[in-house]
Amino acid sequence: MTYIRSQFRHPGLPKNDLGYTTKEYEGAISTLCAGCGHDSISSCIIQACFELSLAPHRIAKLSGIGCSSKTPTYFLGHSHGFNSVHGRMPSVATGANLANRDLVYLGVSGDGDTASIGMGQFVHVIRRNLNMVYIVMNNGCYGLTKGQDSATADEGSKSKKGSVNPFQPIDLAGLALELGASFVAQSFSGDSEQLVPLIKAAIEHPGFAFINVISPCVTFNNNPGSTKSYDFVRDHIETAAIIDFVPAKEEITTNYEKGAGTNIKMHDGSFIHLEKLAAGVDPYDRLAAITALQNARNNDEILTGLLYIEPESTDLHHTLQTSERPLNSLAQEALCPGAAALEGINQDCR
Ligand SMILES: Cc1ncc(C[n+]2csc(CCOP(=O)(O)OP(=O)(O)O)c2C)c(N)n1
Ligand code: SF4
C-alpha cells in the first residue's frame, strides 16, 4: 500500500528556540498497524526533542530488530540512525558514544529484543552507565514475528489464540534498578502527558536512563485475558507521581515553589517537578522503588512514573577518563602516541 503524506503544515505551528516546528523532528510515514502503541511513543519522542530544542543533527537514534526497532524510521528523519542486529543495539550505542560524546544517544528496543536475545547486552550497558536513553516498547510479545509470547509476558496472560503463558515475567524496570541503573521510569504509550516529560528528563540525565513503556500490540496481544492490552493497562495503571520537566533556561514558576511536590535538580540546572501520588515511592531511594514495584505487582497494578533517579550520576566517559573531544576531531598526533610511547608500553609488559 502506498501512503502519501501532505507536506503542508499550518504556518502558525509553534516554533521552538531553534525556529523549528515539530515537522523538522518527524520521520517517514509509519507502516506499523493502525493503533500500535509504538507509534504513540514515536510521537512522544518527536514532541520531547522539539520541546528541548535539540538540533536534529546532534541526535543519534539506534535500535535492534522488531516492530519497535523499526520506529526510528518514523521519527527524527534528520538525525543520525543505526538499525542494528537483533538485541545488539547496546554495543553499537556504546561504540558510537565512546567515539563521540557530543551526541544525544536515543536507543529504542522491544521486549523481545531486550529481554531475550539482547539480555546480555542490556545488563552490561546498565552496569557501565552509558550516557544514553534506552526505551523499551513493551508489548509482551514478538510483534514482528506474529505475536509469540515474550519474556515479559505475565504469568497467566492469555494470547489471542487462547494459550496461557505458564512462565514468570522478567520485570525490566525491576532488573534495571537491581543492576544499579541511574534513571529508571515506567510509562504507558497511551499517556503522552507522562511520557513526554519522562523522555525529556531521560535525555538530560547524565548516564543510563531507562524507560519501560507498556505499548500494546493491537494485532497480536490486545485480546481479553492479555495483561498488555489497552483495556487491561488502563484498568490497572497506578501513577507514582505526576511529573513535569523544566529546562535550565526556564524560570521556576511560583506554583512549583509553593506546591507540595518535590523538585529534583539535575546536573545542568534543569529540574524535574514531582507531585507524589503513590505512597512509598521516593525517587531518590532505590530500595523503596524496588519495593514499590514489587507491591504493585502483588496488587496486579502497573506502577508508572519516575521510579528512581541518581542526580549525581557520572557516566562511562567519566569512569574511563576518555577524550573530551570526539575522536574524529582529533589530529594524528593525539590519536597515535608514536613509536617511542608504544615501545615504552611494550617494555612494561615484558
Ligand atoms: C538473530 C535473530 N533471531 C531472530 C530474529 C527474528 N525476530 C525478528 S524480530 C523478533 C522479535 C521482536 O519482538 P520485540 O523485540 O518484542 O519487538 P516487537 O516486534 O514486538 O515490537 C524476532 C525473534 C532475528 N531477526 N534475528
Ligand atoms: S504487529 Fe503488533 S507490534 Fe507490530 S506493528 Fe502491528 S500492532 Fe505494532
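Presented here is an overview of the structure given in this document. (Residues numbered from 1 in each chain as written. Chains lettered and ligands numbered in written order. Predicted model: local features only at pLDDT ≥ 70, side-chain atom pairs only at ≥ 80, totals over all residues. Heavy atoms only, no water.)

### Details of the sheet that holds strand 10 (residues 241-246)
The criterion, for reference: Each pair of strands is called paired provided DSSP finds at least two bridges between the two strands. Strands are runs of DSSP state E lasting at least 2 residues, helices are runs of H or I lasting at least 4, and numbering of each runs from the N terminus. Structural elements are reduced to axes, namely lines fitted to C-alpha atoms, with helices fitted over the stretch in contact, and the angle between N-to-C directions of any two is expressed from 0 to 180 degrees. Residues count as neighbours in contact if any of their non-hydrogen atoms are within 4.5 Å of one another.
Spatial strand order, 10-12-11: three strands in an open sheet with antiparallel pairing. Here the strands that pair on one side only, and so sit at the sheet edges, are strand 10 and strand 11 (262-265). Adjacent strand axes in the sheet meet at a mean angle of 20°, parallel and antiparallel pairs treated alike. Relative to strand 12 (residues 271-276), strand 10 is paired through six bridges, and the arrangement is antiparallel. Each bridged residue has a counterpart across the sheet, and for F245 the counterpart in strand 12 is I272. In this fold helix 7 (residues 192-204) packs onto strand 10 and strand 12, with an angle of close to 50° to the strand it touches most, strand 10.

### Here we look at the packing of aromatic side chains
Note the threshold: Put simply, two rings from Phe, Tyr or Trp (the six-membered ring, in Trp's case) pair if the centres are within 6.5 Å, and we call them stacked under 30 degrees between planes, edge-to-face over 60, tilted for the rest. Burial status follows relative accessibility: with a 1.4 Å probe on protein chains alone, a residue under 20% of its type maximum counts as buried, one over 50% as exposed, and anything between as partly exposed.
The tally for this structure, following the rule as stated, stands at eight aromatic pairs. Between F188 and Y230, the ring centres sit 6.2 Å apart and the planes meet at 65°, which makes this aromatic pair edge-to-face. With F188 in strand 7 (residues 183-188) and Y230 in helix 8 (residues 230-236), this pair connects stretches of sequence that are 42 residues apart. Among the residues examined, F188 registers a relative accessible area of 4% and is labelled buried. Taking relative accessible area as the criterion, Y230 reaches 14% and is therefore assigned buried.

### With respect to the site of ligand 2
Let me state the cut-off plainly: Working definition: residue near molecule or strand if any one of its non-hydrogen atoms lies within 4 Å of it. The residue classification treats Ala, Val, Leu, Ile, Met, Phe, Trp, Tyr, Cys and Pro as nonpolar and Asp, Glu, Lys and Arg as charged. All others, Gly included, are polar.
Around ligand 2 lies a shell formed by L32, C33, C36, H38, C67, N139, G143, C217, V218, T219 and F220. Of the residues that constitute the shell around ligand 2, the class distribution is seven nonpolar, four polar and no charged.

### A closer look at the pattern of salt bridges
In plain terms, the rule: Here, a salt bridge means any side-chain nitrogen of Lys or Arg that lies within 4 Å of a carboxyl oxygen of Asp or Glu.
Per the counting criterion, the structure on display carries seven salt bridges. Measuring nitrogen to oxygen at the nearest pair gives 2.6 Å for the salt bridge that ties E26 to R9. Of this pair, E26 sits in the segment before helix 1 (37-51) while R9 sits in the segment before helix 1, and the two are 17 residues apart along the sequence. In this structure, K228 engages D154 in a salt bridge whose closest nitrogen and oxygen atoms are separated by 3.4 Å. With K228 in the loop between strand 8 (208-214) and helix 8 and D154 in the loop between strand 6 (148-149) and helix 6 (172-178), this residue pair connects regions lying 74 residues apart in the sequence. A relative accessible area of 23% means that D154 is categorised as partly exposed.

### Focus: the packing of helix 1 against helix 7
Note the following rule: For classification purposes, angles smaller than 35 degrees are called roughly parallel, those larger than 145 roughly antiparallel, those between 65 and 115 roughly perpendicular, and all remaining angles oblique. Throughout, a crossing is termed right-handed when the near helix is turned clockwise from the far one, and left-handed when it is turned anticlockwise from it by less than a right angle.
In the contact formed by helix 1 and helix 7, the axes pass within 9 Å of each other and the chain directions differ by 55°. Classified by the interaxial angle, the pair formed by helix 1 and helix 7 is oblique. Two packed elements cross with a definite hand, and for helix 1 against helix 7 that hand is right-handed. From helix 1, I41, C44, I45, Q47, A48, C49 and E51 reach across to helix 7, where they touch S192, L195, V196, I199, K200 and I203. For the contact of helix 1 with helix 7, the per-class residue count stands at nine nonpolar, two polar and two charged.

### Points about the side chain of T71
Its location among the elements puts T71 in the loop between helix 2 (67-70) and strand 2 (80-83). With a relative accessible area of 0%, T71 lands in the buried category. Excluding residues within four positions of it along the chain, T71 makes contact with L32, H38, S42, V108 and M137.

### A word on unusual backbone geometry
Located in the positive-phi region is L76, a residue other than glycine, with phi close to 50°. Turning to its location among the elements, L76 is positioned in the loop between helix 2 and strand 2. Phi is positive for N129, which is not a glycine, with a value near 50°. Classification of N129 as buried rests on a relative accessible area of 12%.

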